[in-house]
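These are the residues of each chain, in order.
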Amino acid sequence: MAAPTGEESAEKPGEDLSSPSSTNSPDTDMVSENSGELHDCVVDFLKTEVGNDVKSLRKVGDMLEKMREENKQLEEQVMMISSSVPLKVSAALSAAEEARCSVENLLQRERELSSTLQQHLQEAQPWMDRLGQTLGHVDTIERHLKYLQCLQHIEELSALVQQCLMTNSVWEAIRAVDSMAALDAQLQQSGCSHLKAFLSETLVFWHKIIKDRLASDFEEVLTLLQWPFISPPTQSLAPPANSQEISSQLELLATQLLALQTSDDLISQRASASHAGAPAGQPLTLSPPLCLPIQIMLLPLSKRFRYHFTGNRQTNSLSKPEWYLTQVLMWMGNSSAFMDEKIQPILDRAGANINARVELCRGLLSLVQEKVASDAPRLLYDDSLFCHLVEEVLQFEKELRSSQLYPAALPGLLHLLVEDATLQKWLTVEKKMAVEKVDAILSAEGAWSSQYRDISDVDELKAPDCAETFMTLLLVITERYRSLPCPRAQLKFLELQRELIDDFRIRLTQVMKEESRCPLGARYCAILNAANYISTVLGDWGDNVFFLQLQQMAVSLGEEQVLGALGLMEVGRLASLEDSLFEGLLALLDRLRGDMMGRLLDAVMREIREKAKPYCQDRWLSLPSLCDQSIMSLSSSACPMMLCVRDRLLYLHQVLSLPLFQLAWQGLAERLDSFLYQEVILSNHFNEGGAAQLQFDMTRNLFPLFGHYCKRPENFFKHVKEACVILCLNVGSALLLRDLLRESEEERRGGGVEVNPSPQSALNELGVFRLAPCDVLILLNLRASWPGQ
């Protein structure tokens, strides 16, 4: 579209430059989507160049000329590009044709080479077959040669060991045996079974000869040093003259035995693998073998142990496991100084990372493990002997860890007690003995009395002897299974404890029902103290580190026997330590305690109600006013009630534990507050003297009875205290308060605007916070001293 000329623009200065052309061409329809943007662009351009000044239309000619030059330059660029495109396309087509021809030539060459290669491979196949056979023969000859070389090396090592032993060159013989052991380890993956068997037999043969020679010399030196120490060693007055020579010989032999340890371990491992089907009574030890010097030192002690505690000897008695357990502990103690002073320095100088004392204890412990493992199955049908064995094993384990400083990482005897049959028997006997003990506890004469009843500082919980003895029994069970190495076994004992606690709770409930006819009796209160004592101890156990660890273990193992039918939320609370494993038992004990406390307070209130009948029926409407009385005194009708309250508080303070008594007097105060409010205040009308007398009886007589146990007893009698405030208001204040409350009530019923000040704020200014405005209005209506009445 051509731009307008300057003359046309000048003839029509008022024409709207933004109006579209009257006729639309087909090309305009094709670009209709961009017409709006183009129109805006043109309008903005004209506004920028021309503006609103009509005189500036003189610039239109210059603008037209500039536009024509730009249009001409654009046309020249388009023509140049249009002429260069066909040349580039032609060049691209030519390059593609050349590439196609090149690819065809390459494919033709590939086919020719492939055909030539196949022909060459077919011609070379016979040569390859003959070469493969030759290489196979070479490989067979090479393997035979290596076999013979290995066999020759074994024979050379064997000859070297023999020659060294003949010349007494022990160190050279040990090195040759070590080389033989290293070769044996390398041939473990070989399929030459005869060669491996020959090497193994040769190694065992020479190892035994060297070990026997060194062991014999080592035993002689130990004998000179008075080993073994069967009884506590005594310090001689003067060391032997050749003590230095003996010590040197001891160190030399021990060092040579340590050098022989590698081959000894290899032979021991092979022997253990070949005897995997050991007898059932023999424990399977996964710990590393003992070092050779300690093995030799254990030989005389092992002989003595087997002599005394196996076979038909009188000392081999199933009823006396303490004999061999104590004997082993004595040997450990008697030998500790010798091991620390003589053997440990030799091991340190030899670079062996071995604790001599622990190594000796480990060797002696293997004898005890074998003995206990063989005796335990024979005692499963005798409860008393089995219990005695368990007690002695636990005591031995304690002495082993504490006195002999045996590391906790090494197994002792307790792993023998957590085997399935033994553990099940232990749990059964533990439960049986605990139930029998509980029966004896509850039937004892002083079961429901506290052994600390005469010591007030100690006896805050006033736990009866039966409850304290029962919890001591559970604590003893805990100490017995605390050191078991198996968490699942510990959790089984924990479940047994929870079962015993629940059984004891049921027994308490049964005795409570028998004593419920006399809730104020000493036995009933003792049962309540027992439930509270057990609940308190279980709460402390829930925060104990040992039980928290068991709790985490139960959650991680998913132990159904302990977790029971808990939901995901309960298990989550256990995992986060928000609850304890005793939470269910604590809930049941709290329910029993709450039920018993309710019955106890009901019994006390029945007595108080009976004593308070004259006080409830007193003539509060006709009592003399304050002006007619010289001094205020307690109402005579209130004396029986006050005496009853005082006596029962003193009695409950004597028979209940301190936490329970706190609950008891607070519960009694709450019930007494409700009773006096309902039966005395709301059931009577009061003149000025009656209201004053009621306030005097309450504030000067009833509240002080509870003042021995708290600083502000009136806070526990809010209804009575606030009712006395309302009844004792002077007439003017009472009238104003009554009018305010009535007006507020009328506004509330009519849905009007709330009065100001509000009734609640007015009551708060008087010290009334518990009573509602409607209750206060009822109390005001109970006043008899209104003007005009």
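Rules and cut-offs
- Residues numbered from 1 in each chain as written.
- Predicted model: local features only at pLDDT ≥ 70, side-chain atom pairs only at ≥ 80, totals over all residues.
- Heavy atoms only, no water.
- Helix = DSSP H or I, 4+ residues; strand = E, 2+ residues; numbered from the N terminus.
- Buried < 20%, exposed > 50% of the residue type's maximum accessible area, 1.4 Å probe, protein only.
- Contact = heavy atoms within 4.5 Å.
- Areas by Shrake-Rupley, 256 points an atom, 1.4 Å probe, with all protein chains shown as cover.
- 1 Å grid on protein atoms, 1.4 Å probe; cavity = no way out; pocket = protein on both sides within 12 Å on 5 of 7 lines; lining within 4 Å.
- Points joined across faces, edges and corners; volume = space filled by probe spheres on them.
- Nonpolar A, V, L, I, M, F, W, Y, C, P; charged D, E, K, R; others polar.
- Core = buried A, V, L, I, M, F, W, Y, C linked by side-chain atoms within 4.5 Å.
- Patch = residues over 30% accessible without salt bridge, like charges linked within 9 Å, V, L, I, M, F, W, Y side chains within 5 Å.
- Salt bridge = Lys/Arg side-chain N within 4 Å of Asp/Glu carboxyl O.
- Lys, Arg positive; Asp, Glu negative; His and termini not counted.
- Charge placed at Lys NZ, Arg CZ, Asp CG, Glu CD.
- Axes fitted to C-alpha atoms, helices over the stretch in contact; angles between N-to-C directions.
- Parallel < 35°, antiparallel > 145°, perpendicular 65-115°, else oblique.
- Left-handed = near helix turned anticlockwise from the far one by under 90°.
- Phe/Tyr/Trp six-rings, centres within 6.5 Å; stacked < 30°, edge-to-face > 60°.
- Lys NZ or Arg CZ within 6 Å of the ring centre and 35° of its normal.

Examining the overall build of the protein chain
Here is step 1: Check the secondary structure of the protein chain and you find 28 helices and zero strands.
Here is step 2: Here the protein chain holds 789 residues, and 37% of them are scored as buried.
Here is step 3: Contacts in the protein chain between residues far apart in sequence, at least 24 positions, make up 75% of those at least 6 positions apart.
Here is step 4: For the protein chain, the accessible area works out to roughly 46300 Å², and carbon and sulfur atoms hold 55% of it.

Considering empty space enclosed by the protein
Here is step 1: Under the criterion given, the structure shown has one cavity of 30 Å³ or more.
Here is step 2: Of the voids in this model, the largest cavity is the one considered here, and its volume is about 30 Å³.
Here is step 3: Per-element accounting of the lining of the largest cavity gives the leading share, three residues, to helix α10 (residues 321-349).
Here is step 4: Split into classes, the residues belonging to the lining of the largest cavity amount to six nonpolar, no polar and no charged.

Overview of the nonpolar core
Here is step 1: Judged by nonpolar contacts, the single largest core of 203 residues is most densely connected at Leu538, Leu656, Leu672, Leu694, Met698, Leu702 and Phe706.
Here is step 2: The contacts of Leu694, once residues within four sequence positions are left out, are Tyr615, Trp620, Val680, Ile681, Phe686, Cys724 and Leu727.

Quick look at a negative patch on the surface
Here is step 1: Taken together, Asp62, Glu65, Glu69 and Glu70 make up a surface patch of like negative charges.
Here is step 2: You can see Glu65 is positioned in helix α4 (residues 60-166).
Here is step 3: Glu65 gets classed as partly exposed once you look at its relative accessible area, which sits at 42%.

Things to note about the pattern of salt bridges
Here is step 1: For the structure shown, the criterion picks out 33 salt bridges.
Here is step 2: The closest approach of N and O atoms between Lys425 and Asp383, which form a salt bridge, is 2.5 Å. On the criterion of sequence distance, the pair formed by Lys425 in helix α14 (residues 420-443) and Asp383 in helix α12 (residues 383-402) is long-range, its members being 42 residues apart.
Here is step 3: A residue is classified by how much of its surface remains accessible, and Asp383, at 24% relative accessible area, is partly exposed.
Here is step 4: Counted as one network, the salt bridges with shared partners bring together Glu97, Arg100 and Glu104.

Quick word on unusual backbone geometry
Peptide bonds are, in most cases, trans, and in most cases residues other than glycine have a negative phi.
Here is step 1: The omega angle of the peptide bond from Trp227 to Pro228 is 0 degrees, so this bond is cis rather than trans.
Here is step 2: With respect to the element layout, Pro228 can be found in the loop between α6 (193-224) and α7 (243-259).
Here is step 3: Non-glycine residue Leu405 carries a positive phi angle of around 55 degrees.
Here is step 4: Along the polypeptide, Leu405 turns up in the loop between α12 and α13 (414-417).
Here is step 5: Owing to a relative accessible area of 57%, Leu405 belongs among the exposed residues under this scheme.

Side note on the packing of helix α26 (residues 731-750) against helix α28 (residues 773-781)
Here is step 1: Orientation of α26 relative to α28, taken along the N-to-C sense of each, is 135 degrees, at an axis distance of 10 Å. In terms of orientation, α26 and α28 fall into the oblique class. Judged by the sense of rotation from one axis to the other, the crossing of α26 with α28 is left-handed. Contact residues: Ala734, Leu737, Arg738, Leu741 and Arg742 in α26; Pro773, Val776, Leu777, Leu780 and Asn781 in α28.

Overview of the packing of aromatic side chains
Here is step 1: By the definition in use, this model includes 23 aromatic pairs.
Here is step 2: Ring centres of Phe205 and Trp206 lie 4.9 Å apart, and the angle between their planes is 75 degrees; on these two criteria the pair is classed as edge-to-face.
Here is step 3: Taking the centre distance of 5.1 Å and the plane angle of 90 degrees together, the rings of Tyr615 and Trp620 count as edge-to-face. Taken individually, Tyr615 and Trp620 each receive the classification buried, so the pair is uniform in this respect.
Here is step 4: An aromatic cluster of at least three residues, connected via ring pairs, comprises Trp426, Tyr481, Phe493, Trp541, Phe546, Phe547 and Phe582.
Here is step 5: The cationic tip of Arg130 hangs over the ring face of Trp127; the distance from NZ or CZ to the ring centre is 4.6 Å.
Here is step 6: Above the plane of the ring of Phe546 lies Arg482, whose end atom (NZ or CZ) is 4.6 Å from the centre.

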